[in-house]
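Examining the three-dimensional arrangement
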Amino acid sequence: MLTIAIVCGAGIATSALVAEQVREHIAARGRRVTVVQATVMDLLSPDFHADLVVSTVDLPDALGIPRVSGMPLLLGTNPKVTFDDIDRLLERIDPDGTR
């Protein structure tokens with residue numbers, strides 16, 4: 001199963017708000033994906049795994065994990081942009097939805 005990490009500075013309040021929106025969006029699409037909350041430090045751990053990151057903070061390019069900005073979800077400015085990016089990347093990572 002794919003994992004989406006929702007990343008903010010502390011991995012608590014902001015990521016919880018964004019994670020709930022992402023979970024609802026994914027469920028509406030009928031995909032089975034695990035959504036976890038994380039911090040930037042979590043991402044840097046060799047034991048951490050995610051297939052996609054939705055972040056409300058700047059992240060280094062060297063992570064090697066596809067990233068999507070979560071700011072439109074947090075601010076409520078244009079959530080469709082983030083959801084479209086998530087859908088596009090999930091389709092690229094797992095086209096038939098079997099992972």
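Now for a quick tour of the structure. Remember, predicted model here, so these are calculated numbers, not experimental data.

A regular strand places its side chains on the two faces of the sheet in alternate fashion. Of all 6 residues that make up strand β1 (residues 2-7), 6 are buried, and the element is covered over most of its length. Of the two faces of β1, both are covered, the one formed by L2, I4 and I6 as well as the one formed by T3, A5 and V7. Here 6 bridges tie β1 to strand β2 (residues 33-38), and the two strands are oriented parallel to one another. By the bridge assignment, A5 is partnered in β2 with V36. Looking at chain direction, β1 and strand β3 (residues 52-55) are connected through 4 bridges and run parallel. Bridge assignment links A5 to a residue of β3, and that residue is V53.

What counts as what
Residues numbered from 1 in each chain as written. Predicted model: local features only at pLDDT ≥ 70, side-chain atom pairs only at ≥ 80, totals over all residues. Heavy atoms only, no water. Buried < 20%, exposed > 50% of the residue type's maximum accessible area, 1.4 Å probe, protein only. Helix = DSSP H or I, 4+ residues; strand = E, 2+ residues; numbered from the N terminus. Pairing = 2+ DSSP bridges.

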